[in-house]
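# Understanding the architecture of this molecule
For reference, the chains in residue letters:
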Amino acid sequence: MSVKKEESGRRSIAVEVEVAGTPEEVWEAIATGPGVSSWFVPTEVDETAGKSTAHFGPGMDSVARITAWDPPRRYAAESSDLGPDAPSMATEWIVEARAGGKCMVRVVHSLFASTDDWDNQLESLESGWPPFFRILELYLSRFRGQRCSYFNVMSIVPGPEEPVWKSLSSAPLKGTVEMMRDSDHAFKLVRLEAPAPGFAILNICGMGSQVMAAITFYLYGEQGAAAAARDEGWWQAWMKEQFPTAA
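Residues numbered from 1 in each chain as written. Predicted model: local features only at pLDDT ≥ 70, side-chain atom pairs only at ≥ 80, totals over all residues. Heavy atoms only, no water.

### Overview of the packing of aromatic side chains
The geometry of two aromatic rings is summed up by the distance between their centres and the angle between their planes. Our working definition: The criterion for an aromatic pair is that two Phe, Tyr or Trp rings (for Trp, the six-membered ring) have centres within 6.5 Å, with stacked assigned to planes under 30 degrees apart, edge-to-face to planes over 60 apart and tilted to the rest. Helix and strand labels come from DSSP, where a helix needs a run of H or I of at least four residues and a strand needs a run of E of at least two; each type is numbered from the N terminus. When a residue's accessible area, from a 1.4 Å probe over protein chains only, is under 20% of the maximum for its type it is buried; when over 50% it is exposed; and in between it is partly exposed.
Tallied over the entire structure, the rule returns 22 aromatic pairs. Pairing Trp39 with Trp93 gives two aromatic rings, centres 6.3 Å apart and planes at 75°, and the pair type is edge-to-face. Of this pair, Trp39 sits in the loop between α2 (33–37) and β3 (43–46) while Trp93 sits in strand β7 (residues 89–98); the two residues are 54 residues apart in sequence, bridging distant segments of the chain. Here Trp39 and Trp93 have matching classes, each one buried.

In structure tokens, the structure reads:
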């Protein structure tokens, strides 16, 4: 991981990905509610009110104040997600046109601090973006403009992480593994063949003595909408069966 530290106290990380599409098409995917909701988490973006809200789960909303808005090139926002005594986090999204009908998308997270206390938060963000950026890349090349049906199932169970990950990664998914990491916030990204075209991310996250286990689905088109309505309950039941001691 690579936190950049400046004499001013600014600490930052940057993650980027090359995707297919014009700057306008890419902007639609990263700077509008329907676009972001198609590859990340359900999100509302209201540039006129200067606010965006990302819904990571029950009681886990992230609200940010939009501080710059320059479509289709750049926008920036600021949030207090790290806690009441933590420095605010600035996030900047940049779209740069490339040859061959492609664009580079770059996200930069930064904060000001005089100690290393918050560097692990920046490193966590840096390690968390790659699977979502892979979904963004595939969404723009394969499913751009299609309706996304999103649902998430999760449990919070006692640790340690290894047996939780072993159980979660046994989920009966039909598709191709696009990316996988077996340690340090383990995850698996699957490009689905069934029940509909789309993706699933399986991931765990340590929370003290407990572990959060989650599977997030992104299903596209009419087939995806039908599959989400039909199968979400089944996956909720599967999660409870796998983790019967869920808190």
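Back to the write-up after that little detour.
### Examining helix α5 (residues 221–242)
Basically, it comes down to this: For a helix, the expected span equals 1.5 Å multiplied by the residue count minus one. We define the bend at each residue as the angle formed by axes fitted to the 7 residues ending at it and the 7 residues starting at it. Contact criterion: two residues are considered in contact whenever any of their non-hydrogen atoms come within 4.5 Å of each other.
With 22 residues, α5 extends 29 Å from end C-alpha to end C-alpha; this agrees with the ideal 32 Å at 1.5 Å per step. Considering bend angle alone, the principal kink of α5 is centred on Asp231 and spans about 45°. All of the buried residues in α5 are Gly221, Gly224, Ala225, Ala227, Ala228, Asp231, Trp235, Trp238 and Met239. Summarising the contacts, the buried residues of α5 are in contact with β9 (148–158), α4 (161–168) and β13 (210–220).

### Describing the sheet that holds β7
This is how the line gets drawn: The pairing criterion is simple: DSSP has to find at least two bridges between the two strands.
With antiparallel pairing, the 8 strands of this open sheet are ordered in space as β1-β2-β8-β7-β6-β5-β4-β3. With one partner strand each, in any of the chains shown, β1 (4–5) and β3 form the two edges of the open sheet. Inspection of the sheet shows β3 paired to strand β4 (residues 51–55) by 4 bridges, in the antiparallel sense. Residue Asp46 lies in a different strand from β4, and its bridge partner there is Lys51.

### Notes on the packing of helix α1 (residues 23–31) against helix α3 (residues 119–143)
Quick reminder of the rule: Only the stretch in contact is used when a helix axis is fitted, and all axes are lines through C-alpha atoms; the angle between N-to-C directions ranges over 0 to 180 degrees. Orientation categories follow fixed angle ranges, with anything under 35 degrees roughly parallel, anything over 145 roughly antiparallel, 65 to 115 roughly perpendicular, and all other angles oblique. Left-handed is the label given to a crossing in which the near helix is rotated counterclockwise from the far helix by less than a right angle, and right-handed is the label when the rotation is clockwise. Only Asp, Glu, Lys and Arg are considered charged, only Ala, Val, Leu, Ile, Met, Phe, Trp, Tyr, Cys and Pro nonpolar, and every remaining residue, Gly among them, polar.
Here α1 crosses α3 at 130°, and the two axes come no closer than 11 Å. Taken together, α1 and α3 sit at an angle that is classed as oblique. Helix-helix and strand crossings are classified by hand; for α1 and α3 the assignment is right-handed. Mapping the contact onto sequence places Glu25, Val26, Ala29 and Ile30 in α1 and Leu136, Tyr139 and Leu140 in α3. Its residues placed into classes, the contact of α1 with α3 shows 6 nonpolar, no polar and 1 charged.

### A short note on the environment of Glu222
Turning to its location among the elements, Glu222 is positioned in helix α5. Sequence separation of Glu222 and Val17 is 205 residues, and the distance between their C-alpha atoms is 28 Å.

### Side note on the sheet that holds strand β11 (residues 187–194)
In a beta sheet, neighbouring strands are held together by backbone hydrogen bonds and run either parallel or antiparallel to one another. The 5 strands lie next to each other as β9-β13-β12-β11-β10, forming an open sheet whose pairing is antiparallel. Looking along the sheet, the strands with just one partner apiece sit at the ends: β9 and β10 (174–181). In this sheet, neighbouring strand axes are inclined to one another by 15° on average, regardless of whether the strands run parallel or antiparallel. Summarising the sheet, strand β12 (residues 198–207) and β13 pair through 10 bridges and their orientation is antiparallel. Residue Gly198 lies in a different strand from β13, and its bridge partner there is Leu219. Contacts from α4 reach β9, β10, β11, β12 and β13, with the element oriented near 165° to β12. Docked against the sheet, α5 engages β9 and β13, running at close to 160° with respect to β13.

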